[in-house]
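Each chain, written out:
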Amino acid sequence: MTKPGAGGGDLPDEVVAAVRRARRVLVLSGAGMSAESGVPTFRDAQTGWWSHVDPAALATAQAWREDPPYVWAWYAYRIGLLRAVEPHAGHRALADLGRVVDVTIATQNVDDLHERAGSAVAAHLHGSLTDLRCADCATPYLGAVDVPDEPVERLLPPTCGECGGDVRPGVVWFGELLPTEAVTATEAAIAALAPGDLCLVVGTSGIVYPAAGYPAAALAQGATVVEVNPVESDVSDMCHHVVRGTAGAVLPALVAARRR
Ligand code: BV8
Ligand code: ZN
């Protein structure tokens, strides 16, 4: 069922055939999709300043309640990082594919790299880093965000203009519900899949639910499920094919092979 594959070069024939015949493509992307743009993944060793923290321990409402400046410092650092990075060839390949076939992207990522490459994103399942809002009254915060040049241990979050509350990132923390519109859009995209369509599972460890359950739902619709990930994940075994390579190498090769 699963086939090793190298970087972008020798894609399994069945994977090329699958992308050629698909009328609809659902892309389920995770942090590995952004890795080659320079955005650290969630569970690979955290690079730099935050190598001493467990992101999952910081991405909780409890951590925020206990120490908003500590949690905000981490998100401000990530907002600053995002300002300095660009989409890579894999993001652009998906945008190219979306111009010739019906591509729906449901991402766990809180960055805007798919959009900046030209893709429409149907669902940000875990929210968006730069959708800031008041933690108390939920008023969107559109003001300036000071980002330290160097990561700092603590940083006062911006203040809500309506109620004076702390401003929080618009991401979904562990224990929080996913945005209804994101779940609805993803479930509708899965329901629209038919045999012969394709689900690309790109750069996710397949650990976080309910997002990690979507590849199985696509499989149940009869879609061909293909994983693009340099290493095995928790969803590899359920995929029809796996291409052991990076998003930045495999996706351009896959989209180019479709054209041939
Ligand atoms: C919820 C935003 C209701 C914040 C994140 C069953 C059902 C429902 C919920 C649960 C359940 N069981 C447990 C739960 C609770 C929890 C959960 O799933 N816990 C896990 C740890 C077991 N889920 C929730 O709390 C969700 N809420 O369901 O509400 C509820 C509530 C309580 C109890 C029950 C129900 C909310 C989850 C959202 C959490 N927020 N992020 C932020 O960004 O700071 S999750 C976080 O992990 C990121 O968003 C990330 O996207 C996500 C998943 O990680 P991945 O994207 O997979 O990234 P990771 O680093 O893990 O892996 C990277 C992969 O890329 C690797 O495989 C690597 O090999 C690969 N890679 C590396 N380089 C490349 C590459 N691939 C390709 N190319 C490369 N170059
Ligand atoms: Zn407020």
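Residues numbered from 1 in each chain as written. Chains lettered and ligands numbered in written order. Predicted model: local features only at pLDDT ≥ 70, side-chain atom pairs only at ≥ 80, totals over all residues. Heavy atoms only, no water.

A. Expanded view of the coordination of the zinc ion (ligand 2). Distances from the zinc ion (ligand 2) to its protein donors, namely Cys134 (SG), Cys137 (SG), Cys160 (SG) and Cys163 (SG), fall within the range 2.2 to 2.3 Å. For the zinc ion (ligand 2), the four donor atoms in the first shell make angles of 100 to 119° at the metal, so the coordination geometry reads as tetrahedral. For the zinc ion (ligand 2), the single-chain donor residues occur in sequence as C-x2-C-x22-C-x2-C. A residue pair is termed long-range when its members are at least 10 positions apart, and cysteine 137 in the loop between β4 (127–134) and β5 (167–171) and cysteine 160 in the loop between β4 and β5 qualify at 23 residues. Judged by relative accessible area, cysteine 137 falls into the partly exposed class, the value being 35%. (Donors = N, O, S within 2.8 Å, 3.2 Å for Na, K, Ca; no water. Tetrahedral: all angles 85-135°; square planar, octahedral: opposite > 155°, others 65-115°. Helix = DSSP H or I, 4+ residues; strand = E, 2+ residues; numbered from the N terminus. Buried < 20%, exposed > 50% of the residue type's maximum accessible area, 1.4 Å probe, protein only.)

B. Molecular detail of the nonpolar core. Counting residues in hydrophobic clusters, the biggest one holds 29 residues, and the most contacted among them are Leu11, Val25, Val27, Leu198, Leu200, Val202 and Leu251. Secondary-structure elements contributing two or more residues to this core are α1 (13–21), β1 (24–29), α6 (89–98), β2 (102–107), β6 (198–202), β7 (224–228) and α10 (247–259). Considering each element in turn, this core owes the most residues, seven residues, to α10. The contacts of leucine 198, once residues within four sequence positions are left out, are Ala18, Val19, Ala22, Arg24, Val25, Leu26, Leu193, Ala223, Thr224 and Val226. Counting residues in hydrophobic clusters, the runner-up holds 24 residues, among them Val53, Trp74, Leu82 and Val167. (Core = buried A, V, L, I, M, F, W, Y, C linked by side-chain atoms within 4.5 Å. Contact = heavy atoms within 4.5 Å.)

C. Geometry of the side chain of arginine 78. Note that arginine 78 resides in helix α5 (residues 68–84). Although arginine 78 is buried, it makes no salt bridge; aspartate 111 carries the closest opposite charge, 7.7 Å away. Once residues within four sequence positions are removed from consideration, arginine 78 is found in contact with Phe42, Val110 and Leu129. (Lys, Arg positive; Asp, Glu negative; His and termini not counted. Salt bridge = Lys/Arg side-chain N within 4 Å of Asp/Glu carboxyl O.)

D. Here's a closer look at α10. Between its first and last C-alpha, α10 extends 18 Å over 13 residues, near the 18 Å set by a 1.5 Å rise per residue. Within α10, burial applies to Ala247, Gly248, Val250, Leu251, Ala253, Leu254, Val255 and Ala257. (Expected span 1.5 Å × (residues − 1).)

E. Highlighting the packing of aromatic side chains. Inspection of every chain in the model, using the stated rule, returns four aromatic pairs. Seen from their ring centres, tryptophan 64 and tryptophan 173 are 5.7 Å apart, and the 35° between their planes marks the pair as tilted. Within this pair, whereas tryptophan 64 is found in helix α4 (residues 61–66), its partner tryptophan 173 is found in the loop between β5 and α8 (180–191), the two being separated by 109 residues in sequence. Aromatic side chains tyrosine 75 and tryptophan 173 sit 6.1 Å apart centroid to centroid with 55° between the ring planes, which places their arrangement in the tilted category. On the criterion of sequence distance, the pair formed by tyrosine 75 in helix α5 and tryptophan 173 in the loop between β5 and α8 is long-range, its members being 98 residues apart. The pair formed by tyrosine 75 and tryptophan 173 is uniform in burial state, with each residue classed as buried. Feature note: the residues Phe42, Trp64, Trp74, Tyr75 and Trp173 constitute an aromatic cluster, connected by ring pairs. The ring of tryptophan 74 is capped by arginine 78, whose NZ or CZ atom sits 4.4 Å from the centre of that ring. Against the face of tryptophan 173 rests arginine 168, its NZ or CZ located 3.8 Å from the ring centre. (Phe/Tyr/Trp six-rings, centres within 6.5 Å; stacked < 30°, edge-to-face > 60°. Lys NZ or Arg CZ within 6 Å of the ring centre and 35° of its normal.)

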